[in-house]
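Take a look at the letters that make up each chain.
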Amino acid sequence: MTAALVLIAVVTLATAAVALSLRNLIHSALLLIASWFGIAAFYLWAGAEFVAFAQVLVYVGAVSMVVLFAVLLTRRSRADTVIAPDSLARAISAVITGVAVFGVLVAAILKSSLGRLSPAGVPALPGGTSVSPVISAPTATVREIGIQLMSTHAAALIIIGILLTVALLGAVILAAQDGPESKQESP
Amino acid sequence: MNLAVIPVAASVSEWSDSFLERLPLFARDWMTSWLPEPWRWLVNSLLSIAVILSVFGLLFAYVTLAERKILGRIQNRPGPNRTPIPFTKLRFFGLAQPFADGVKSLTKEDVVPRGADHLLHFLAPVVLLAFSILTFAVIPYGRHLVPVELNAGVLYFFAAGAATELAVFMAGWASRNKYSLLAAMRALAQLISYELPLLLAWVPVVLVAGTLSTTEIVAAQSGWQFNVIPHWYVFTPWGAAGFAIFMIAALAESNRSPFDLPEAESELIAGHLTEYSGFKYALFFMAEYFGMIALSGMAITLFLGGWHAPSPYLEFIPSYVWFMGKLSVLLLGFIWIRATFPRLRMDQLTRFAWKFLVPLALINLGNAAFWSLSLHWSGPFQILRWLISVLVVVGPFVLLGRKLSAGVAPRVYRYAV
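Since we're looking at a predicted model, the values are computed, not measured. (Residues numbered from 1 in each chain as written. Chains lettered and ligands numbered in written order. Predicted model: local features only at pLDDT ≥ 70, side-chain atom pairs only at ≥ 80, totals over all residues.)

Contacts between chain B and chain A engage 21 residues on the former and 16 residues on the latter. Elements supplying a minimum of two residues to the side of chain B that touches chain A: helix H5 (153–174), helix H6 (178–209) and helix H11 (346–373) of chain B. Sorting elements by how many residues they give to the side of chain B that touches chain A places H5(B) first, with ten residues. Split by residue class, the side of chain B that touches chain A holds 16 nonpolar, three polar and two charged. (Contact = placed C-beta atoms within 7 Å. Helix = DSSP H or I, 4+ residues; strand = E, 2+ residues; numbered from the N terminus. Nonpolar A, V, L, I, M, F, W, Y, C, P; charged D, E, K, R; others polar.)

Turning next to the confidence of the model for chain B. All names here are of chain B. With 95% of its residues at a pLDDT of 70 or more, chain B has an overall mean of 86. Across chain B, the element-wise mean pLDDT spans from 81 in helix H1 (residues 19–32) up to 94 in helix H8 (residues 237–253). Predicted confidence for residues 1–11 stays below pLDDT 50, and this span has 17 contacts to residues more than four positions away or in other chains. Interface scoring of the predicted complex returns ipTM 0.82; its pTM is 0.86. (pLDDT = per-residue confidence, 0-100.)

Further remarks concern the domain arrangement of chain B. Residue and element names in this part refer to chain B. Along its sequence, chain B is carved into domain 1 (23–34 + 42–107) and domain 2 (111–402). Of note, the centres of domain 1 and domain 2, computed from C-alpha atoms alone, are 23 Å apart. With 17 residues of domain 1 at the contact, the number on the domain 2 side is 16 residues. When contributions to the side of domain 1 that touches domain 2 are tallied by element, the ones reaching two or more residues are H1, helix H2 (40–74) and helix H3 (97–107). Broken down by element, the side of domain 1 that touches domain 2 gets its largest block of residues, twelve residues, from H2. (Domains from an automatic or database assignment.)

Below, the discussion takes up the environment of A:Lys111. Residue placement: A:Lys111 occurs in helix H4 (residues 88–111). Considering only alpha carbons, one finds A:Lys111 and A:Gly170, 59 residues apart in sequence, at a separation of 36 Å.

All names here are of chain B. Take Tyr 194: it is sitting in helix H6. C-alpha of Tyr 194 to C-alpha of Ala 294: the two residues are 100 residues apart in sequence and 16 Å apart in space. With near-sequence residues (within four places) excluded, Tyr 194 lies in contact with Ala 249, Ala 252, Glu 253 and Ala 353.

As structure tokens, then:
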């Protein structure tokens, strides 16, 4: 199955890289959407069906719309996007920052329990329960995900919900600055 | 918290092994029998793809004909009846009309504006059709007829449906036409607004059935109460409300009347389809009808009991015949609604979705939760359970409807005399 993983990785990274380098902003947005599909394919390869479909539903179905609306409503002209860096110093500091972030992420992933394999070759989770290796059939059914979300990780779910509600309210307040004179009542 | 456990085992009736039920399986096994073992799964998949494409392709063709004839009859005219069967002079109720339409759209000149983004202009109908066809994979068409059995089947269906919205945007943007872009944005706003009631309408079904798998949801609706009333979810109060919300949102998601603002001729010419002609237009058309058929199929799976027969005495009729019968009824309902209701304006449309359907769908979710918690109430309390459930459906509907149409209804009609 490594051939499938390599293919998915190549497609995801290639579309993301090309998305970063194109002049046309809409084309970049569409290629980014293709790379999100690649991530969904990766989740499917890893056996996480629910997460893969949720990724497509949320990212391709909703976040893509947000990105496209934002791009379309704020761009001024087609020749406006400049992709060359301003100066050499800025380019060098950009590369250093990128490498630093990459290093931090890799270190975080390797330090977590998913980076350590127990003697049986199975990654160990903090709770002491182990997940079966991806070669056999996945045991994370939707029912188990639901039970875990509602019992073990209920606090995280509720906090994320509150965060999203705050963000939504903030967006509404920002957008409603034009107040009462644009209100219309007739249905 | 002990939610009621509904038996999820596949319904085993004495007709599940009958010859007619297993006929598709016999045909498939016969066709793959002379292939070596490792290739069988590939040919099985290819066979199911071919069958779905041909059956639903033909169904699409004849639904367009049925729509034009039925619309015509409701409007007191006969509809298309002049196309003869090829190579003869027989005109037989216009039955060859879909093929005439196909030939016309294939031979029309494919006009692409010079400044248009050619790649995206080409890809938009392809992406739309691809994702619309992908949604057909998880619908159980019969007792043993599911193309792909997924643990999270319902989520897959709506994820693939959500990805079709991207193609609408691509079509509008690639046409390099301000009015196309504007209309594409409006179409997107409509699609996003109605996605929320669509998704909220089936969450109660998943709550009560306890699973996201389409085959198990159909199995959970098996059996009959007192051998007369099926256990379909549409015969429960929250199920009826959920079915109504689902059908309305399905009408809006497939851009059907009365929500066909994106493709109406009086609205920005043809909306995001203005710069499309010939076969690409036919592909958009096909994708819209496929979306309609797939959403009807999912409504049947979630609310109308899938391939189950409505009565235990009618079980000798094979399950796929029942599925097709229910599908035909729903599609005829779509056509009837098209002939009857006037089109909604953009602000009326979005107001309807956000202010009316979303609160009702959320209340419906609470109603379904109450329903599943009160499953074990004894004897006369069951009547109370039904009463409370019906009140929670009807009450908010009437109150919200009255409040939202305050100052407008009742309308006074003045006729020119």
